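Each chain, written out:
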Amino acid sequence: MAQYDVIVIGSGPGGYVAAIRCAQLGLKTACVEGRDTLGGTCLNVGCIPSKALLHASHQLHEAEHNFAKMGLKGKAPSVDWKQMLAYKDDVIGQNTKGVEFLFKKNKIDWIKGWATIPEAGKVQVGDETYETKNILIASGSEPSTLPGVEIDEKVVVSSTGALELPKVPKKLVVIGAGVIGLELGSVYKRLGSEVSVIEFLDVITPGMDAEVQRGLQKMLTKQGLEFTLGAAVQKVEASKTKAKVTYKLRKDDSEHTVEADVVLVATGRRPFTEGLGLDKLGIATTERGQIKTDAHWQTNVPGIYAIGDAIAGPMLAHKAEDEGMACAEVLAGKHGHVNYGVIPGVIYTWPEVASVGATEQDLKNEGRAYKTGKFSFMGNGRAKAVFAGEGFVKILADKETDRILGCHIIGPGAGDLIHEICVAMEFGASAEDVALTCHAHPTYSEAVREAALACGDGPIHA
Ligand code: NAI
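Everything quoted here is computed from the prediction, not taken from an experiment. (Residues numbered from 1 in each chain as written. Predicted model: local features only at pLDDT ≥ 70, side-chain atom pairs only at ≥ 80, totals over all residues. Heavy atoms only, no water.)

Enquirer: Looking at this structure, I do not really get the domain arrangement of the protein chain. What am I missing?
Expert: Interfaces are often sized by the amount of accessible area the parts lose when they come together. What the domain assignment reports for the protein chain is domain 1 (3-143 + 270-338), domain 2 (156-267) and domain 3 (342-454). Put simply, the middle of domain 2 and the middle of domain 3, counted by C-alpha atoms, are 29 Å apart. Between domain 2 and domain 3 lies a buried interface of about 1500 Å² when both sides are counted; carbon and sulfur atoms form 63% of it. Its largest share of buried area at the contact with domain 3, domain 2 owes to Asp 209, Glu 211 and Met 219, together 36% of the area lost on that side. With a shortest N-O distance of 2.7 Å, Lys 222 and Glu 390 are connected by a salt bridge. Applying the counting rule to domain 2 against domain 3 returns nine residue pairs in polar contact (both at pLDDT 80 or more). (Domains from an automatic or database assignment. Buried area = accessible area lost by both parts, 1.4 Å probe. Salt bridge = Lys/Arg side-chain N within 4 Å of Asp/Glu carboxyl O. Polar contact = N/O pair within 3.5 Å; in protein donor to acceptor, adjacent residues only side chain to side chain.)

Enquirer: Quick question: what am I supposed to make of the side chain of Ser 159 here?
Expert: Relative to the helices and strands, Ser 159 is located in helix H5 (residues 159-162). When neighbours within four sequence positions are excluded, Ser 159 is seen to be in contact with Ile 180, Leu 184, Leu 264 and Arg 269. (Helix = DSSP H or I, 4+ residues; strand = E, 2+ residues; numbered from the N terminus. Contact = heavy atoms within 4.5 Å.)

Enquirer: Help me understand helix H7 (residues 210-222) in this model?
Expert: Each α-helix turn comprises 3.6 residues. Residues three or four places apart therefore point the same way. Taking 1.5 Å as the rise per residue, H7 with 13 residues should run 18 Å; its terminal C-alpha atoms sit 18 Å apart, in good agreement. Residues Val 212, Gln 213, Gly 215, Leu 216, Met 219 and Leu 220 constitute the buried set of H7. Considering only its buried residues, H7 is in contact with helix H6 (179-190), strand E11 (226-228), strand E18 (345-347), strand E19 (352-357), strand E21 (392-398) and strand E22 (404-411). Positioned one or two residues after H7, Gly 224 has a phi angle of 110°, which is positive. (Expected span 1.5 Å × (residues − 1). Buried < 20%, exposed > 50% of the residue type's maximum accessible area, 1.4 Å probe, protein only.)

Enquirer: Looking at this structure, how should I read the packing of helix H1 (residues 13-24) against helix H4 (residues 81-105)?
Expert: Geometrically, a packed helix pair is captured by the angle between its two axes and the distance between the axes. Remark: H1 packs on H4, axes separated minimally by 10 Å, with the N-to-C direction vectors making an angle of 20°. In terms of orientation, H1 lies roughly parallel with respect to H4. Crossing handedness for the pair H1 and H4: left-handed. Taking contact as the criterion, the partners of Tyr 16, Ala 19 and Ile 20 in H1 are, on H4, Val 99, Leu 102 and Phe 103. For the contact of H1 with H4, a count of residues per class yields six nonpolar, no polar and no charged. (Axes fitted to C-alpha atoms, helices over the stretch in contact; angles between N-to-C directions. Parallel < 35°, antiparallel > 145°, perpendicular 65-115°, else oblique. Left-handed = near helix turned anticlockwise from the far one by under 90°. Nonpolar A, V, L, I, M, F, W, Y, C, P; charged D, E, K, R; others polar.)

Enquirer: In this structure, what is going on with the nonpolar core? I would like to understand it.
Expert: What tends to happen in soluble globular proteins is that the nonpolar side chains get buried as a cluster. Ranked by size, the top nonpolar core spans 53 residues in total, and within it Phe 103, Leu 136, Ile 137, Ile 283, Ile 291, Trp 297 and Ile 304 carry the most contacts. Among the elements that take part in this core, H1 stands out by supplying seven residues, more than any other. Beyond its immediate sequence surroundings of up to four residues, Ile 283 is in contact with Ile 137, Leu 278, Ile 291, Thr 299, Asn 300, Val 301 and Ile 304. In terms of nonpolar packing, the next biggest core, distinct from the first, is built from 37 residues, Val 45, Leu 60, Ala 266 and Val 353 among them. (Core = buried A, V, L, I, M, F, W, Y, C linked by side-chain atoms within 4.5 Å.)

Enquirer: Sorry if this is basic, but what is going on with the layout of surface pockets here?
Expert: Gaps left between atoms show up when a probe the size of a water molecule is rolled over them. The calculated volume of the second largest pocket comes to roughly 460 Å³. Lining the second largest pocket are 20 residues, and of these His 61, Gln 223, Trp 350, Phe 387 and Glu 390 sit closest to its centre. Counting only elements with at least two residues in the lining of the second largest pocket, the list comes to helix H3 (47-65), H6 and H7. Sorting elements by how many residues they give to the lining of the second largest pocket places H3 first, with four residues. Its residues placed into classes, the lining of the second largest pocket shows six nonpolar, seven polar and seven charged. (1 Å grid on protein atoms, 1.4 Å probe; cavity = no way out; pocket = protein on both sides within 12 Å on 5 of 7 lines; lining within 4 Å. Points joined across faces, edges and corners; volume = space filled by probe spheres on them.)

Enquirer: Can you help me understand the packing of aromatic side chains in this one?
Expert: Counted by the stated rule, this structure contains two aromatic pairs. The ring of Trp 110 carries the charged tip of Lys 112 above its face, separated from the ring centre by 4.3 Å. Above the plane of the ring of Phe 200 lies Arg 250, whose end atom (NZ or CZ) is 4.4 Å from the centre. (Phe/Tyr/Trp six-rings, centres within 6.5 Å; stacked < 30°, edge-to-face > 60°. Lys NZ or Arg CZ within 6 Å of the ring centre and 35° of its normal.)

Enquirer: Sorry, what's going on with the site of the ligand here?
Expert: Looking at the ligand, there are 22 residues lining it, with Ile 180, Glu 183, Glu 199, Gly 268 and Val 346 nearest. Contact distances for the ligand include 3.2 Å between an oxygen atom and a backbone N or O atom of Val 179. Contacts to the ligand include Ile 180, whose backbone N or O atom sits 2.9 Å from an oxygen atom. Burial of the ligand by the protein amounts to 79% of the accessible area it has alone, namely 850 Å². Breaking the shell around the ligand down by element, the ones donating at least two residues are H6 and strand E12 (231-238). A total of three residues in the shell around the ligand trace back to one element, the largest contributor, which is H6. Along the lines of polarity and charge, the residues of the shell around the ligand split into 15 nonpolar, four polar and three charged. (Near = heavy atom within 4 Å. Areas by Shrake-Rupley, 256 points an atom, 1.4 Å probe, with all protein chains shown as cover.)

Enquirer: Would you take a moment to explain the side chain of Glu 199 for this structure?
Expert: Tracing the sequence through the fold places Glu 199 in the loop between strand E10 (194-198) and H7. For the buried Glu 199, no salt bridge exists, and the shortest N-O distance to an oppositely charged side chain is 7.1 Å, to Arg 250. Engagement of the side chain of Glu 199 in a polar contact is seen with the backbone nitrogen of Ala 177, the distance being 2.7 Å. (Lys, Arg positive; Asp, Glu negative; His and termini not counted.)

Enquirer: Quick question: what am I supposed to make of the pattern of salt bridges here?
Expert: When the charged atoms of two side chains lie near each other, side chains of opposite charge can form a pair. Across all of its chains, the model carries 19 salt bridges by this definition. Among the ionic pairs, Glu 119 bridges to Lys 122, the shortest N-O distance being 3.7 Å. According to the relative accessible area criterion, Lys 122 is partly exposed, its value standing at 25%.

Structure below.
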């Protein structure tokens, strides 16, 4: 008899959410985690700690740039880096202990250690072998690096090392203008570092709507981040305290170097499946190392499932969570489903960037007839009060049916505002449906309504 109905491997947002849902649905569940604390990359060295540092550094930015304008006089606070890291660690601790509490509450066994799958129905952790009806791999991802670039987590760091630097670097070079590069680049810029971002493509945040890419780059440049675009990094030579980055400009092949106290490599992540024994099991993977699954997250080996960063799709905590819940439902004999067309993406810079659904480029490529409703936060009273009038909300809707196809926001609270549109899209709503919904005044969400109005007869405050 199997000891468990499900053993989940990995306790990140995909794994722990899946384990909780399995337990709630009456399945006897265990979760294997090799870290000292639950929560995976997101809670320990990703989303949560970076948001703590973004919050703290934003307060400093406000004190330095906006307090005096509001009549708040006096010297801006100085940075006690050790204390800031302690605050960040406290936030991590509260969250990881929260997951531990939820495991106890739901009677989920935490098996401590790193898992191997000797065969379907068996999970080995150390000397112990556990029997289970189903296995759910939620082992997440790890930072990937470039040829010629060796991460030592001291001078050449991944996002993990960047959250633990011994001091705020004088000069930080960031390789990659994606989500991690821009969020952590913002943190250190606000704390006083000189920050240069080197990006391979000619745009920042690949995949985002082009207007958002341009707008965000302009805003971050104004905040003091320097960008070198169209530049392929060739190598990074590091000593104990410094590093030299060599890159080639793609337009003319010219070679350049830049020196830094710290280099952050933020060029993407790859699935973390080491030690699971996928090869021996014959589990099919893509050339990028992603585990292949069917529509119900089952691998080619019956009884072994996979979700989150370890499989295809955007490497986002909330995508993994949704897959975790849906897969748990499948394992419990229900009908789990994820709508991959409505997965928001958020970048927690200031202002925030949020996006869901199609970009204008997507719609053009599809040859789809669409209309655009755009509204600037300049016309939003609340945004002006917090010095955030620079961004915009852009809604894309089908030209004929008015059905919302996508939304792109740069502005205060964008990461929260986007969900109004996610719900609208889930319900197949039109821009008019959003425009006809009463929005409280004064809120940032009025800008979303105005963008929806802009898809029809026009906004009021523009
Ligand atoms: P990313 O895929 O977002 O960006 C990597 C960037 O590096 C790209 O712009 C790429 O063009 C550039 N690049 C690649 N090779 C290069 C080279 N040789 N020289 C210069 N630039 C080069 O990856 P990132 O930022 O490392 O994030 C990893 C994953 O974590 C992403 O999937 C991201 O969505 C996720 N994440 C999400 C967050 C959020 O939702 N707020 C926060 C942090 C990470």
